[in-house]
Amino acid sequence: APPLLVANAPDAPSWRPDLHCLADVRPGMGSLGGVYTALAAGPGPVLVVAWDMPFIERPLLDLLVRESTGWDVFLPESGARGHRSGALEPLCAVYGPACRAPIERSFARGDLAMISFHESVRVGTLSLDRVREVGDPGILFFNVNEPADLERAERLWRQRG
C-alpha cells in the first residue's frame, strides 16, 4: 500500500502531499499509538519508520520486510543500550495485525512502551551483524529530537556527500 504518515499536527498533510496522512485513532498514546493507527489503517502488516530518522537506508527496510515472515513483530537490533527496548529499534520495524489486540491491552494498562505487548506476540529480530551489512547502526537509527541532534544530522549529511 502507499506510505502513510501518521501525525497529529493540523498542517501534517502539507508536509508530504504525496503521502496519505492519518491522525492517531487513539490520541495521546505516543509512538505506540502511531503504530496502532498504522495497523488499524489496513488488514496487513506495516513497516514503521520514525519520522525523525533521516539516515534509514532502503536496503535495511527491504531486509526487514523480507525477513518478517512468520513474526508478529520484527525489529532490528540497534546496538543501543540503556533504553527500555534494550538493543532493539522498535521505531524501524514490521508490525503485523496480531499486534492490535495486545497493543489495546497495553493502552488499557496505561503502558505505552513500544515493547509493552511483546510478551503476547511472536517477536523476531534482525541481528546486529545483518544490520551492519547495510550500514552503521549508530547512523542508520540516529534520530533528531533536539537542536543539537539536527546540527549533528546536518554534519553527517554533508559528510555523506
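Computed from a predicted model, the values in this text were never measured in an experiment.

A.B. asks: Can you lay out the overall build of the protein chain for me, pointing to particular residues and giving the numbers?
C.D. replies: Counting its secondary structure elements, the protein chain contains seven helices and six strands. Along the protein chain, helices (α) and strands (β) appear in the sequence β-α-β-α-β-α-β-β-α-β-α-α-α when read from the amino end. The C-alpha radius of gyration of the protein chain comes to 16 Å, within 12% of the 15 Å expected for a compact globule of 161 residues. For the protein chain, the spread of C-alpha atoms along the three principal axes comes to 45 × 40 × 30 Å. In the protein chain, which comprises 161 residues, the proportion classed as buried is 40%. In the protein chain, 60% of the contacts between residues at least 6 apart in sequence involve partners at least 24 apart. Just so you have it, the protein chain exposes about 9000 Å², and 53% of that area is on carbon and sulfur atoms.

A.B. asks: Residue-level account of the pairing of strand β4 (residues 73-76), with values.
C.D. replies: Each regular strand shows side chains that alternate between the opposite faces of the sheet. Burial of β4 is two-sided: the residues Val73 and Leu75 facing one way and the residues Phe74 and Pro76 facing the other way are all buried. The sheet contact formed by β4 and strand β5 (residues 92-95) spans two bridges and is antiparallel. Of the residues in β5, the one forming a bridge with Val73 is Tyr95. Across four bridges, the pairing between β4 and strand β6 (residues 123-126) is parallel. Following the sheet pairing, Leu75 is matched in β6 by Thr125.

A.B. asks: Help me get a handle on the environment of Glu57, residues and values and all.
C.D. replies: With respect to the helices and strands, Glu57 occurs in the loop between β3 (46-49) and α3 (58-67). Residue classification places Glu57 among the partly exposed residues on the basis of a relative accessible area of 27%. Between the C-alpha atom of Glu57 and that of Phe141, which follows or precedes it by 84 residues, the distance is 9.7 Å. With sequence-adjacent residues up to four places away left out, Glu57 is seen in contact with Val134, Leu140 and Arg160.

A.B. asks: Let's hear about the packing of aromatic side chains: which residues, and what values?
C.D. replies: Counting across every chain of the model gives five aromatic pairs. Residues Tyr36 and Phe107 carry aromatic rings whose centres are separated by 5.4 Å and whose planes lie at 75 degrees to one another, so their mutual orientation is edge-to-face. Of this pair, Tyr36 sits in helix α2 (residues 30-40) while Phe107 sits in helix α4 (residues 100-109); the two residues are 71 residues apart in sequence, bridging distant segments of the chain. The same class applies to Tyr36 as to Phe107, namely buried. Aromatic side chains Tyr95 and Phe117 sit 6.3 Å apart centroid to centroid with 45 degrees between the ring planes, which places their arrangement in the tilted category.

A.B. asks: Can you explain the sheet that holds β5? Please cite residues and give values.
C.D. replies: In space, the four strands of this open sheet follow the order β3-β5-β4-β6, with mixed pairing throughout. With one partner strand each, in any of the chains shown, β3 and β6 form the two edges of the open sheet. Shown here is a sheet whose adjacent strand axes are inclined to one another by a mean of 20 degrees, direction ignored. Pairing of β3 with β5, which is carried by four bridges, proceeds in the antiparallel orientation. Paired with Val49 across the strands is Cys92, a residue of β5.

A.B. asks: Talk me through helix α7 (residues 147-160); I want residue IDs and the actual numbers.
C.D. replies: Here α7 contains 14 residues, and its C-alpha end-to-end distance of 20 Å stays within 8% of the 20 Å for a straight helix at 1.5 Å per residue. Looking one or two places after α7, you find Gly161, whose phi comes out positive at around 85 degrees.

A.B. asks: Give a description of α3 that names residues and reports values.
C.D. replies: Among all positions in α3, only Leu60, Leu61, Leu63 and Leu64 are buried. What you see down the axis of α3 is that its buried residues fit within an arc of 160 degrees, all on one side. Seen from the open side of α3, the exposed residues pointing more than 90 degrees away from its buried face are Arg58 and Arg66. Buried residues in α3 make contact with β3, β4, β5, β6, α5 (128-134) and α6 (137-140).

Cut-offs and rules
- Residues numbered from 1 in each chain as written.
- Predicted model: local features only at pLDDT ≥ 70, side-chain atom pairs only at ≥ 80, totals over all residues.
- Heavy atoms only, no water.
- Helix = DSSP H or I, 4+ residues; strand = E, 2+ residues; numbered from the N terminus.
- Rg over C-alpha atoms; globule rule 2.2 N^0.38 Å.
- Buried < 20%, exposed > 50% of the residue type's maximum accessible area, 1.4 Å probe, protein only.
- Contact = heavy atoms within 4.5 Å.
- Areas by Shrake-Rupley, 256 points an atom, 1.4 Å probe, with all protein chains shown as cover.
- Pairing = 2+ DSSP bridges.
- Phe/Tyr/Trp six-rings, centres within 6.5 Å; stacked < 30°, edge-to-face > 60°.
- Axes fitted to C-alpha atoms, helices over the stretch in contact; angles between N-to-C directions.
- Expected span 1.5 Å × (residues − 1).
- Arc of directions from axis to C-beta.

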